[in-house]
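# A look at the structure
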Amino acid sequence: MIRYYSGDTLIHKLDPRVKIALSTSLFLLAFLTRDPLRLSFLLTVVLMIWFYARIPFSENFFLKTLIPIALFTFLIQLLFYPGKVILVSVKIPSWIPYFGGMLAATQEGLINGISMVLRLFIVIMVMPIVTMTTRLERLLNSMVKLGLPYELAFTLTTSINLLSILQADIEDVIEAQKIRGFRGFDERGIIKKIKAYVPIIIPVAMEGFMIARQMEVAIKSRAFGASNRRTSLIDVKMDKVDWIVLFFTLTGTIISLVFFLGFVH
Amino acid sequence: MRDVVKIENLSYFYPYSEVAVLDHINLSIKEGEIVVLTGPTGSGKTTLCLTLNGVIPHILGGKLDGRVLVDGMDVLEHDVAELSTKVGIVFQSPDVQLFSSSVISEIAFGPENLAIPREEIRERVSWAMELTGLKGYEERSPAKLSDGEKRKVAIASILAMRPKIIVLDEPTTGLDSIEAKRVISLIESLRNKYRTTFLIVEHREHILRLADRILLMVDGKILGECKPRDLFDDEKLMNSAYIRVPEVVKLFHLLRKEGIYRGRIPLTVEEALPVISRVPIAPSTVKSCNAPKDPRANEELIRMERVSCGYGKQEVIKEVNVKINKGEFLALVGRNGAGKTTLAKCMVGLIKPSNGRILLQGRDIRDMNIADISPIISYIFQNPERQFFSMSVEEEVSFGPRNLGLSEEEINERVEESLRSVNLIHLKEKHPRSLSRGQMQRLAIAIALAMRPQAIILDEPMTGQDEASLRSIEMILRKLREEGKTILLITHEMGLVSRLADRVIALANGRIVFDGPTRKFFWDERAVIEAGIGFPPLVQLLRNLPDPSRFEGIVTAEEFIEAIRGRGK
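Calculation notes
Residues numbered from 1 in each chain as written. Chains lettered and ligands numbered in written order. Predicted model: local features only at pLDDT ≥ 70, side-chain atom pairs only at ≥ 80, totals over all residues. Heavy atoms only, no water. Helix = DSSP H or I, 4+ residues; strand = E, 2+ residues; numbered from the N terminus. Rg over C-alpha atoms; globule rule 2.2 N^0.38 Å. Buried < 20%, exposed > 50% of the residue type's maximum accessible area, 1.4 Å probe, protein only. Salt bridge = Lys/Arg side-chain N within 4 Å of Asp/Glu carboxyl O. Domains from an automatic or database assignment. Contact = heavy atoms within 4.5 Å. Buried area = accessible area lost by both parts, 1.4 Å probe. Polar contact = N/O pair within 3.5 Å; in protein donor to acceptor, adjacent residues only side chain to side chain. Pairing = 2+ DSSP bridges. Patch = residues over 30% accessible without salt bridge, like charges linked within 9 Å, V, L, I, M, F, W, Y side chains within 5 Å. Areas by Shrake-Rupley, 256 points an atom, 1.4 Å probe, with all protein chains shown as cover. Phe/Tyr/Trp six-rings, centres within 6.5 Å; stacked < 30°, edge-to-face > 60°. Lys NZ or Arg CZ within 6 Å of the ring centre and 35° of its normal. Axes fitted to C-alpha atoms, helices over the stretch in contact; angles between N-to-C directions. Parallel < 35°, antiparallel > 145°, perpendicular 65-115°, else oblique. Left-handed = near helix turned anticlockwise from the far one by under 90°. Nonpolar A, V, L, I, M, F, W, Y, C, P; charged D, E, K, R; others polar.

Moving on, we come to the overall build of chain A. Looking only at helices and strands, chain A has 9 helices and 2 strands in total. For chain A, the sequential pattern of α-helices and β-strands runs α-α-α-α-β-β-α-α-α-α-α. Rg of the C-alpha trace for chain A: 24 Å, well past the compact-globule value of 18 Å for 265 residues, more than 25% over. Overall size of chain A, expressed as C-alpha extent along the three principal axes, is 70 × 60 × 30 Å. Expressed as a percentage of its 265 residues, the buried residues of chain A come to 40%.

Another point: the pattern of salt bridges. Summed over the entire model, instances satisfying the criterion amount to 63 salt bridges over all chains. Among the ionic pairs, Asp15(A) bridges to Arg17(A), the shortest N-O distance being 2.8 Å. One salt bridge in this structure joins Asp176(B) and Arg335(B), with 3.1 Å as the shortest N-O distance. With Asp176(B) in the loop between β7 (165-169) and α7 (177-194) and Arg335(B) in the loop between β13 (329-334) and α13 (340-347), this residue pair connects regions lying 159 residues apart in the sequence. A relative accessible area of 25% places Arg335(B) in the partly exposed class. Shared partners join several salt bridges into a network, and the residues in it are Arg244(B), Glu467(B), Arg471(B), Glu474(B), Arg478(B) and Arg499(B).

In this section: the domain arrangement of chain B. Residues and elements named next belong to chain B. Domain boundaries assigned for chain B yield domain 1 (3-236), domain 2 (244-280 + 537-569) and domain 3 (300-536). Spacing between the C-alpha centres of domain 1 and domain 2 amounts to 36 Å. Every contact between the two is made by 9 residues of domain 1 and, on the other side, 10 residues of domain 2. In total, about 1100 Å² of surface goes out of reach between domain 1 and domain 2, with carbon and sulfur atoms giving 49% of it. The tally of links between domain 1 and domain 2 comes to 4 salt bridges.

In this complex, chain B contributes 58 residues to the contact, which on the side of chain A involves 48 residues. For the chain B and chain A pair, buried surface summed over both sides reaches about 4900 Å², with 57% attributable to carbon and sulfur atoms. Between chain B and chain A we count 7 salt bridges in total. In this structure, the salt-bridge partner of Arg433(B) is Glu207(A), at a minimum N-O distance of 2.5 Å. In this assembly, chain B and chain A are joined by 22 residue pairs in polar contact (both at pLDDT 80 or more). Elements that contribute at least two residues to the side of chain B that touches chain A include exactly α3 (80-83), α4 (103-113), α5 (118-132), α6 (147-159), α14 (370-373) and α15 (393-403) of chain B. If one sorts the elements of the side of chain B that touches chain A by residue count, α4(B) sits on top with 8 residues.

Residue and element names in this part refer to chain B. Pairing within the open sheet is antiparallel, and its 4 strands lie in the order β2-β1-β4-β5. Looking at strand neighbours, the two that pair on one side only are β2 (20-30) and β5 (73-74), the edges of this open sheet. Bridge analysis of strand β4 (residues 63-70) against β5 gives 2 bridges, and the strand direction is antiparallel. Residue pairing for β5: Val70 is matched across the bridge by Met73.

A few words on a nonpolar patch on the surface. Judged by side-chain polarity, Ile190(A), Ile191(A), Ile194(A), Val198(A) and Ile201(A) come together as a nonpolar surface patch covering roughly 510 Å² of accessible area. Considering the arrangement of structural elements, one finds Ile190(A) in helix α8 (residues 190-221).

The next subject is the side chain of Thr486(B). Residue and element names in this part refer to chain B. Relative to the elements of secondary structure, Thr486 occurs in strand β18 (residues 486-490). Look at Thr486 and you get buried, because its relative accessible area is 3%. Only 2.9 Å separates the side chain of Thr486 from the backbone nitrogen of Gly327, close enough to count as a polar contact. Setting aside its immediate chain neighbours within four residues, Thr486 contacts Leu301, Ile324, Asn325, Lys326, Gly327, Glu328, Gln454, Ala455 and Ile456.

For the rest of this paragraph, the subject is the domain arrangement of chain A. Segmenting chain A into domains produces domain 1 (10-135 + 237-260) and domain 2 (143-221). If you average the C-alpha positions of domain 1 of chain A and of domain 2 of chain A, the two centres end up 32 Å apart.

The next point concerns the packing of aromatic side chains. Under the criterion given, the structure shown has 22 aromatic pairs over all chains. Relative to Phe99(B), the ring of Phe154(A) has its centre 6.0 Å away and its plane inclined at 90 degrees; by these criteria the two rings are edge-to-face. Remark: Phe99(B) occurs in the loop between β6 (87-90) and α4 and Phe154(A) occurs in helix α7 (residues 150-178); the pair is interchain, linking two chains. Accessibility expressed as a relative area gives 7% for Phe154(A), which makes it buried. Ring centres 5.0 Å apart and planes at 50 degrees place the aromatic pair Phe514(B) and Phe521(B) in the tilted group. On the basis of relative accessibility, which here comes to 0%, the residue Phe521(B) falls in the buried class. Clustering of aromatic rings is evident, with ring pairs tying together Tyr150(A), Phe154(A), Phe224(A), Phe99(B) and Phe109(B). In this structure, Arg162(B) is placed above the aromatic ring of Trp127(B), and the distance from its NZ or CZ to the ring centre is 4.4 Å.

All names here are of chain B. Among the 8 residues in helix α1 (residues 45-52), 7 count as buried, and that is most of the element. Taken residue by residue, α1 has Lys45, Thr47, Leu48, Cys49, Leu50, Thr51 and Leu52 as its buried positions. Looking one or two residues beyond α1, the residue adopting positive phi is Gly54, at roughly 80 degrees.

This paragraph deals with the packing of α7(A) against α8(A). All names here are of chain A. It is at 9 Å that the axes of α7 and α8 come closest, and there the two elements cross at 140 degrees. Our classification of the angle between α7 and α8 gives oblique. Of the two possible hands of crossing, α7 and α8 adopt the one that is right-handed. On α8, the residues that touch Phe154, Thr158, Leu162, Ile165, Leu166, Asp169, Ile170, Val173, Ile174 and Gln177 of α7 are Tyr197, Ile200, Val204, Glu207, Gly208, Ile211, Ala212, Met215 and Ile219. Taken together, the residues of the contact of α7 with α8 sort by class into 14 nonpolar, 3 polar and 2 charged.

With that settled, consider the environment of Leu500(B). Inspection of the secondary structure assignment puts Leu500(B) in helix α19 (residues 494-500). When the C-alpha positions of Leu500(B) and Gly54(B) are compared, they lie 44 Å apart, and in sequence the two are 446 residues distant.

This part is about the pairing of strand β1 (residues 3-13) of chain B. All names here are of chain B. Sheet topology note: the β1/β2 ladder contains 7 bridges and is antiparallel. Following the sheet pairing, Phe13 is matched in β2 by Ala20. By the bridge criterion, 7 bridges tie β1 to β4 in an arrangement that is antiparallel. Considered in β4, the bridge of Ile7 is made with Val68.

On to the sheet that holds β7(B). Residues and elements named next belong to chain B. Pairing is mixed across the open sheet formed by 6 strands, whose spatial order is β6-β7-β8-β3-β9-β10. Two strands close off the open sheet at either side, each with one partner strand: β6 and β10 (221-226). Across the sheet, the mean angle separating the axes of adjacent strands is 20 degrees when strand polarity is ignored. Pairing of strand β3 (residues 34-38) with strand β9 (residues 213-218), which is carried by 4 bridges, proceeds in the parallel orientation. Across the sheet, residue Leu37 finds its bridge partner in β9, namely Leu215. Each of β6 and β7 is contacted by α6, which is oriented at about 170 degrees to β6, the strand it contacts most.

If you want it as structure tokens, here you go:
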């Protein structure tokens, strides 16, 4: 959910800082209200940006991870939220504490459940608006412009890179074990699966240290840290469009704030 | 001309080590010179290179005695960043030196660090891309490029820093012959146009030929130096320096021994042409070499019918039909990215075909688990060292047989036997990743043998090996061939193909462009061009002689000599 996908939309071209402002606003607003209607409005904005920027939906992630989590959250809220207006109820033995002999779905629980699910989707889907539409270099650059030391920003992005190399390594070792007749990865039980993966971790970690060391040599050989004033080929600059989007983001946020915090009804 | 590199009495010890990796080295390199450093692996060549930009000792530590001067700067007194404008190193493994998300930012990284004005960086980047033929790759992600392309990006990223001296560590390893030629002409044009100085670690002849001087390094010492011409003129010297004798050079040495030729040994096909046309070869009496090697059993092992496969939606292999019989020795050739590895992985079940079917001894592999395939075909990955995971050589080899559920006794027997056949039994207690590259490749073969498979697929086993290991791996392959094992060899080494393989399958863009006897392949102009591998130099030479058809089928120097010996018989 963080990989960059190339594209040519306004969102892709925006200054990353504007995107960070936009997504941070959406993120914060989502925590300032519990009203399902307002949250739906925010999610609609997020979804519109996703569709407009053609950010690819990872079916695997949404179907297998996010939706089960959302359902679970919803059920917990629905059944355990201390509400008063009972919609449906089931009798349960009274010796189970807390429930008082009844498992009930309340109206407050329903509303709160919906809110929580909406909020979950907003929170999860807000970050990709920045990461999946921005090249790592541009992101790094704007983080530096926002005050993060270059060395730190570079280390962060390089670590992400190293992780993907190690992931490829793990896949290699798994393939190597499979073609030597190992069946552990096809086993069903979770314990057996863990047992299969554990022995891989040590050699891959060793490989990781070695690669990191060699990378350090290569990076320093290319004059890393030579000068405090580092030029950057990609210049992140605020264009007219960026200012306009930023203006709308800020005014939109302020107007929403006024509505959300209940100054106007 | 002034010296841009001056090394005086240099000795070096890695941290916590008493062994001198570099032992009293003295070396001067003049501006614009191309110096090639050769010698067996572990002789300290790469270590020597790393002293030039101060990585040794500034980053890797250790104890350094003596002096290294680069363009007048003492490396001990300047840090790596300062020295990077003088010396650029292109490392052996392309993966560790590419860490950006686009080609353009990768190349710009060095100049950016040097705080060069943006406009100039832009110029430098486009200049470097132009020279390396990377135009159009600007926004591609380096991690997703082919090996050859990665190597070009690595070179371009060094060029953009405009160093006076460029160090290349085995720059053509793993490249097909066309990519390798590009690297070679790049080196030549940089030297001629910009007087760039080169120090190149390499043992393959196409690079050695470029050298103004060749240095032989063994056990941390420079044993001697010579000109390429003198090296190739002296068979003993080539052997003791662990250098493969190029086929054309070998031909003239053989002609010399036969008493047919007396002059100097030509180094290239162009040089050899006028010379060979003066060698008396009676045109009508050349013995035909077209007799096939020993016929083998016609028992089918693998059959692929209209197989397409690839990664995700991208189809790499397109409608391939192959039939492989037991006991065949096949070479799978083609350019980088032609689909050789994909085809091999498809055969062992690592990649599922999207179309068509694969039969293994008559069984559809769709009904088989990878583990069921493993005792029938063993696949040896390219870069096997990345796939070892055990604590000892012995354990590593026993992993496969153990998965087959064999008895402890049988497992031990197989481990012993396979380690013996690759001559590694004395190292069975060692950690697999502590072995040398050559030993690792042999270990990979032992792992495959321990499964006692019908067929073995070797994916570029010769990549990155020094001459001594090349010879021992070739011997092992020869032995397996005699034992009647079915072998599928993926390689760029056409010399090896011509010496070992009975049959060649050539792939280009995922399709088979040739499938037939080896000697026919190298003489089939259309096939060789379509496969994009380039004619082996010897064949190229013979094809340029008058009436070349009389040599058809000859692929090695020995065969040529045998053919002309046939005179008068």
